[in-house]
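Spelled out from the first residue to the last, the chains are:
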Amino acid sequence: MMRISRLAAAALLCSLTAFATSGAVAQDETKPSADLPATKTFGRWTTIIDTLDTGQDAHKTCAASTAFLDGAGNAGSLTLSISSGDALPPDAYPAIMFIVDNKTLPTGNKIAATFGDPGVKVAATVTSNAAAGGRPSWMVDNQPKTSLALLRAMRKVTSLDVVFGKQAVASIPMDGFTKAYRNLGTSCGFATKDVAP
């Protein structure tokens with residue numbers, strides 16, 4: 001199950017969102033000290049790899065995030081998150097979360113959603129969560145087949161068109177997604193060929 005990923009997503013969300021929305025210039029790697037998470041930027045995507053070492057074992061939380069503006073100019077972020085302690089692909093895929101400063105989007109459980117572009121469409125459901133850092137958030141219901149289809153769509157499209165219910169959320173550029181996803185796999189120990197060959 002994705003219990004660790006949901007917690008990891010919440011824990012890293014504020015730092016990822018701040019980093020992604022700060023207009024950071026692309027960089028190869030930033031690792032100021034051994035205590036801070038390692039970050040890398042790939043196009044419009046930033047990855048953060050954080051290691052929690054308890055002395056008995058070490059788990060990595062691997063997240064990738066990109067910032068965007070919706071059609072009304074509201075700031076948002078799209079974040080993928082997984083932990084090396086979770087079930088890994090192909091049994092389960094990274095949790096996919098959207099945070100958008102738009103209080104008019106549908107809320108609740110099992111909201112119909114579509115992702116893709118005119119040539120690629122993936123249907124899924126999303127559930128709204130309590131506001132993260134005061135910002136509304138939505139988590140894609142993480143079913144392996146649906147998550148795999150959505151991640152493959154993210155690799156194929158230039159921009160991911162996102163619709164919750166009948167309301168368009170945003171068209172999110174995917175520049176750098178493939179390399180960021182591969183970085184998550186390398187860092188957290190799972191094969192990425194089914195998504196990003």
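A few points on the structure. Note that this is a predicted model, so its numbers are computed, not measured.

Calculation notes
- Residues numbered from 1 in each chain as written.
- Predicted model: local features only at pLDDT ≥ 70, side-chain atom pairs only at ≥ 80, totals over all residues.
- Heavy atoms only, no water.
- Salt bridge = Lys/Arg side-chain N within 4 Å of Asp/Glu carboxyl O.
- Helix = DSSP H or I, 4+ residues; strand = E, 2+ residues; numbered from the N terminus.
- Buried < 20%, exposed > 50% of the residue type's maximum accessible area, 1.4 Å probe, protein only.
- Phe/Tyr/Trp six-rings, centres within 6.5 Å; stacked < 30°, edge-to-face > 60°.
- Disulfide = S-S within 2.5 Å.
- Patch = residues over 30% accessible without salt bridge, like charges linked within 9 Å, V, L, I, M, F, W, Y side chains within 5 Å.
- Areas by Shrake-Rupley, 256 points an atom, 1.4 Å probe, with all protein chains shown as cover.
- Lys, Arg positive; Asp, Glu negative; His and termini not counted.
- Charge placed at Lys NZ, Arg CZ, Asp CG, Glu CD.
- Contact = heavy atoms within 4.5 Å.
- Expected span 1.5 Å × (residues − 1).

### Digging into the pattern of salt bridges
Opposite charge on two side chains lets them pair, provided their charged atoms get close.
Consideration 1: Evaluated as defined, the whole model comprises two salt bridges.
Consideration 2: As a salt-bridge pair, Arg135 and Asp101 come within 2.9 Å of each other at their nearest N and O atoms. One end of the pair, Arg135, is in strand S8 (residues 135-140); the other, Asp101, is in the loop between strand S5 (95-100) and strand S6 (111-117), and 34 residues separate them in sequence.
Consideration 3: On the basis of relative accessible area, Arg135 is assigned to the buried category, the value being 14%.

### With respect to the packing of aromatic side chains
Consideration 1: For the structure shown, the criterion picks out six aromatic pairs.
Consideration 2: With a centroid separation of 5.7 Å and 15° between ring planes, the pair formed by Phe98 and Phe115 is classed as stacked. Of this pair, Phe98 sits in strand S5 while Phe115 sits in strand S6, and the two are 17 residues apart along the sequence. Considered together, Phe98 and Phe115 belong to a single accessibility category, that of buried residues.
Consideration 3: Seen in terms of ring centroids, Tyr181 and Phe190 are 5.8 Å apart; in terms of plane orientation they differ by 65°. Their pairing is edge-to-face.
Consideration 4: Among the aromatic side chains, those forming a connected cluster through ring pairs are Trp45, Phe177, Tyr181 and Phe190.

### Observations concerning the environment of Pro37
Consideration 1: Locating Pro37 in the fold gives a position in the loop between helix H1 (3-21) and strand S1 (38-42).
Consideration 2: Each C-alpha atom of the pair Pro37 and Thr51 lies 7.1 Å from the other, and the pair is 14 residues apart in sequence.

### Side note on the state of the cysteines
Consideration 1: Evaluated as defined, the whole model comprises one disulfide.
Consideration 2: Here Cys62 connects covalently by a disulfide to Cys188, the sulfurs 2.1 Å from one another. When the S-S torsion is 95°, as for the bridge of Cys62 with Cys188, the disulfide is right-handed. One end of the pair, Cys62, is in strand S3 (residues 58-69); the other, Cys188, is in helix H3 (residues 177-188), with 126 residues separating them in the sequence.
Consideration 3: Overall, Cys62 belongs to the buried group, its relative accessible area being 0%.
Consideration 4: Taking the relative accessible area as the measure of exposure, Cys188 reaches 5% and is therefore buried.

### Topic: a positive patch on the surface
Consideration 1: A cluster of like positive charges, contributed by Arg152, Arg155, Lys156, Lys179 and Arg182, occupies part of the molecular surface.
Consideration 2: When residues in the positive patch are grouped by element, the largest group, three residues, is from helix H2 (residues 144-156).
Consideration 3: With respect to the element layout, Arg182 can be found in helix H3.
Consideration 4: Judged by its relative accessible area of 32%, Arg182 is partly exposed.

### Describing the environment of Asn74
Consideration 1: Within the secondary structure layout, Asn74 lies in the loop between S3 and strand S4 (75-83).
Consideration 2: With 95 residues separating them along the chain, Asn74 and Val169 place their C-alpha atoms 9.8 Å apart.
Consideration 3: Not counting the four nearest positions on each side in its chain, Asn74 is found in contact with Phe68, Leu69, Asp101 and Asn102.

### Describing H3
Consideration 1: Taking 1.5 Å of rise per residue, the twelve residues of H3 would be expected to cover 16 Å, and the 16 Å separating its terminal C-alpha atoms lies within 8% of that figure.
Consideration 2: The set of residues buried in H3 consists of Phe177, Ala180, Tyr181, Asn183, Leu184, Gly185, Ser187 and Cys188.
Consideration 3: Elements that come into contact with the buried residues of H3 comprise S1, strand S2 (45-53), S3, S4 and H2.
Consideration 4: Trailing H3 by a residue or two, Gly189 shows a phi angle of about 80°, which is positive.

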